Amino acid sequence: QVQLVESGGGLVQPGGSLRLSCVTSGMIFRDNAMGWYRRAPGKQREWVAGIASEGGTGYADSVKGRFTISRDNARNTVYLQMNSLKPEDTAVYYCNRWPATIFNWGQGTQVTVSS
């Protein structure tokens, strides 16, 4: 069974940075495109960024130029480097397969951007 464990969230001031990690197990990681998603309070979960198995990336317009997704196939881990954070980035962040979110969701990691 596939397991997704997100970490790295926290409280950060506007303009700050965080690096999220998602450790996966139960699948052939290198063969799967992976994505980061987020759910803000009172809103639907939305896609944030994706990385293909060969390394090609895509970003939502709201985070383009500020967030960077990467992967380490040796560690079965996908990362999200978040810079220039804004209050509207506050959400619970999740990873899953991309673009089809076929795996059970993990617990996510809370990111709060506030002064």
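Heads up: the structure comes first, above all this text.
These notes cover the structure that comes with them. No experiment lies behind these values; they were computed from the predicted model shown. Along each chain, residue indices are assigned from 1 in the same order as the chain's sequence is written. Local features in this predicted model are restricted to residues of pLDDT 70 or higher, and side-chain atom pairs are both shown and tallied only at a pLDDT of 80 or more, whereas totals for entire chains, interfaces and linings draw on every residue. Calculated side-chain values reflect all of the structure's heavy atoms, with hydrogen atoms and water omitted.

### A look at the state of the cysteines
Piece 1. Any pair of cysteine sulfurs within 2.5 Å is marked as a disulfide. Considering all chains together, one arrives at 1 disulfide under this definition.
Piece 2. Between the sulfur atoms of Cys22 and its disulfide mate Cys95 the distance is 1.8 Å. Taken as a pair, Cys22 in strand β3 (residues 18-25) and Cys95 in strand β9 (residues 91-97) lie far apart in primary sequence, 73 residues in all. For the residue pair Cys22 and Cys95, the accessibility class agrees, reading buried in each case. A run of H or I in DSSP becomes a helix once it reaches four residues, and a run of E becomes a strand once it reaches two; helices and strands are each numbered from the N terminus. A 1.4 Å probe rolled over the protein chains alone gives each residue an accessible area, and that area as a share of the maximum for its type sets the label: buried under 20%, exposed over 50%, partly exposed in between.

### Brief notes about the nonpolar core
Piece 1. Residues enter a nonpolar core if they are buried and are Ala, Val, Leu, Ile, Met, Phe, Trp, Tyr or Cys, with the set joined through side-chain atoms within 4.5 Å. Core analysis: the biggest nonpolar cluster contains 29 residues, and Trp36, Val78, Leu80, Met82 and Tyr93 have the highest contact counts within it.
Piece 2. Elements represented by at least two residues in this core include exactly β3, β4 (34-39), β5 (46-51), β7 (67-72), β8 (77-82), β9 and β10 (109-113).

### Section: the packing of aromatic side chains
Piece 1. Aromatic rings from Phe, Tyr and Trp, taking only the six-membered ring of Trp, are treated as a pair when their centres fall within 6.5 Å; an angle between ring planes under 30 degrees marks them as stacked, one over 60 as edge-to-face, and anything in between as tilted. Counting across every chain of the model gives 3 aromatic pairs.
Piece 2. Ring centres 5.8 Å apart and planes at 5 degrees place the aromatic pair Trp47 and Trp98 in the stacked group. Highlighted residues: Trp47 in strand β5 and Trp98 in the loop between β9 and β10, separated in sequence by 51 residues.
Piece 3. Exposure remark for Trp47: the relative accessible area of 29% places this residue in the partly exposed category.
Piece 4. Taken together, the ring pairs connect Tyr37, Tyr94 and Trp105 into an aromatic cluster.
Piece 5. A ring is scored as having a charge over it whenever the NZ atom of a lysine or the CZ atom of an arginine sits within 6 Å of its centre and within 35 degrees of its normal. The side chain of Arg19 reaches across the aromatic face of Tyr79, ending 4.0 Å from its centre.
Piece 6. In this arrangement the basic side chain of Arg45 is found over the ring face of Tyr94, its NZ or CZ atom lying 4.6 Å from the centre.

### Description of the pairing of β4
Piece 1. Of all 6 residues in β4, 5 are buried, a share of seventy percent or more.
Piece 2. Note on pairing: DSSP must find at least two bridges between two strands before they are called paired. Here β4 pairs with β5 via 5 bridges, running antiparallel. Counterpart to Arg38 in the pairing with β5 is Glu46.
Piece 3. Hairpin connection from β4 to β5: 6 residues lie between these consecutive antiparallel strands, with Gly42 at a positive phi of about 75 degrees.
Piece 4. The pairing of β4 with β9 spans 6 bridges and is antiparallel. Note on β9: the bridge partner recorded for Tyr37 is Tyr94.

### Thoughts on the pattern of salt bridges
Piece 1. We define a salt bridge as a contact between a side-chain nitrogen of Lys or Arg and a carboxyl oxygen of Asp or Glu at a distance within 4 Å. Considering all chains together, one arrives at 5 salt bridges under this definition.
Piece 2. Where Asp89 meets Arg66, a salt bridge forms, and the shortest distance between an N and an O atom there is 2.7 Å. In this pair, Asp89 sits in the loop between β8 and β9 while Arg66 sits in the loop between β6 (57-59) and β7, placing the two residues 23 residues apart along the sequence.
Piece 3. If you follow the salt bridges from partner to partner, you end up with Arg38, Glu46, Arg66 and Asp89 in one network.

### Points about the pairing of β10
Piece 1. Of the two faces of β10, only the one carrying Thr109, Val111 and Val113 is buried; Gln110 and Thr112 on the other face are not.
Piece 2. Across 3 bridges, strand β2 (residues 10-12) lies against β10 in parallel orientation. Note on β10: the bridge partner recorded for Leu11 is Thr112.

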